[in-house]
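Examining the three-dimensional arrangement
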Amino acid sequence: MTRWQPLPTTLPREARHLVEQLRVLKGRTGLSLAGLARRTAYSKSSWQRYLSGDRLPPRSAAQVLCGLAGGDQARLLALWELAEQAWPQGASEPAADAVARPPDSAGPPEAPTGQRRWRIAAVVASALAAVLAAGLLWALPRRAGDTVVARPGGRLSRAGRSTRSSRNRCP
């Protein structure tokens, strides 16, 4: 069993209750922080922050842990709501898809899915190029007498052209 460090004294009572309940649920799973990270979408360091009281865990993280431990979802989510209201400002975990920026940077925050947008644009551009190439190949005019005809035995040849050599002509 993990020996937890004492929770910060500045942590409000509601937040303390949530973290204590999360610790109980984590203990009930029998998983280490690394094992918890493998079974969820949250890293080992994120779980360390949540279970030490440094950060308010996202609601979905609390739900996942509760589901793994077989806990009472309604009770835990009620604790989470109370803790969210009482949690010290600036100590909550940023959204999973938000881009972290240094506190001293000036200007508006970067779009949360900037890198994802570039990936999507690249995939769409590749798919569009493939469709365009296929359309061009299909639409290109063919030369007269240059159609493909199926031959017995599964061989394909161009119509209007002999597939036999001049040596093998029939008499």
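The structure presented is a predicted model; accordingly, all values stated were derived computationally and were not measured.

Conventions and cut-offs
Residues numbered from 1 in each chain as written. Predicted model: local features only at pLDDT ≥ 70, side-chain atom pairs only at ≥ 80, totals over all residues. Heavy atoms only, no water. Axes fitted to C-alpha atoms, helices over the stretch in contact; angles between N-to-C directions. Helix = DSSP H or I, 4+ residues; strand = E, 2+ residues; numbered from the N terminus. Parallel < 35°, antiparallel > 145°, perpendicular 65-115°, else oblique. Contact = heavy atoms within 4.5 Å. Nonpolar A, V, L, I, M, F, W, Y, C, P; charged D, E, K, R; others polar. Core = buried A, V, L, I, M, F, W, Y, C linked by side-chain atoms within 4.5 Å. Buried < 20%, exposed > 50% of the residue type's maximum accessible area, 1.4 Å probe, protein only. Salt bridge = Lys/Arg side-chain N within 4 Å of Asp/Glu carboxyl O. pLDDT = per-residue confidence, 0-100. Lys, Arg positive; Asp, Glu negative; His and termini not counted. Polar contact = N/O pair within 3.5 Å; in protein donor to acceptor, adjacent residues only side chain to side chain. Left-handed = near helix turned anticlockwise from the far one by under 90°.

With that settled, the discussion passes to the packing of helix α1 (residues 13–29) against helix α3 (residues 44–52). Where α1 meets α3, the axes come as close as 8 Å, and the angle between the chain directions of the two elements is 130°. With respect to each other, α1 and α3 are oriented oblique. Side by side, α1 and α3 meet where Val19, Leu22, Arg23 and Lys26 of the first sit next to Tyr50, Leu51 and Ser52 of the second. Residues that form the contact of α1 with α3 fall into these classes: four nonpolar, one polar and two charged.

Counting residues in each nonpolar core, the largest one holds 25 residues, and the members touching the most others are Leu18, Leu22, Trp47, Leu76 and Trp87. With near-sequence residues (within four places) excluded, leucine 22 lies in contact with Leu51, Pro57, Ala62, Leu65 and Leu76.

Under the criterion given, the structure shown has two salt bridges. Between arginine 13 and glutamate 14 there is a salt bridge, with the nearest N and O atoms lying 3.8 Å from each other. A relative accessible area of 57% places arginine 13 in the exposed class. Residue glutamate 81 is joined to arginine 59 by a salt bridge in which the shortest nitrogen-to-oxygen separation is 2.4 Å. One end of the pair, glutamate 81, is in helix α5 (residues 73–86); the other, arginine 59, is in helix α4 (residues 59–69), with 22 residues separating them in the sequence. The class of glutamate 81 is partly exposed, set by a relative accessible area of 31%. Overall, arginine 59 belongs to the partly exposed group, its relative accessible area being 33%.

On to the confidence of the model for the protein, then. Considering every residue of the protein, the mean pLDDT works out to 76; 65% of them sit at 70 or more. The spread of mean pLDDT over the elements of the protein runs between strand β2 (residues 156–158), the lowest at 56, and α4, the highest at 93. Across residues 94–112, confidence stays below pLDDT 50; counting only partners more than four residues off in sequence or on other chains, it has twelve contacts.

Let us look at the side chain of arginine 23. Counting through the fold element by element, arginine 23 comes out in helix α1. Look at arginine 23: it is buried, it has no salt bridge, and the nearest opposite charge is glutamate 20 at 6.6 Å. Side-chain polar atoms of arginine 23 contact the backbone oxygen of glutamine 5, separated by 3.1 Å. Setting aside chain neighbours within four positions, we find arginine 23 in contact with Trp4, Gln5, Leu7, Leu51 and Ser52.

So, on to the environment of leucine 25. Here leucine 25 shows up in helix α1. Residue leucine 25 is classed as buried on the basis of its relative accessible area of 1%. With residues near it in sequence (within four places) discarded, leucine 25 still touches Leu65, Cys66, Ala69, Gly71 and Leu76.

With that settled, consider the packing of α1 against α5. The relative placement of two packed helices is expressed as an angle between their axes plus a distance between the axes. α5 packs onto α1 with a crossing angle of 140° between their chain directions and a minimal axis gap of 7 Å. Between α1 and α5, the angle falls in the class oblique. Classified by chirality, the crossing of α5 by α1 is left-handed. Two secondary-structure elements touch here, α1 through Glu14, Ala15, His17, Leu18, Gln21, Leu22 and Leu25 and α5 through Arg75, Leu76, Leu79, Trp80, Leu82, Ala83 and Ala86. Its residues placed into classes, the contact of α1 with α5 shows ten nonpolar, two polar and two charged.

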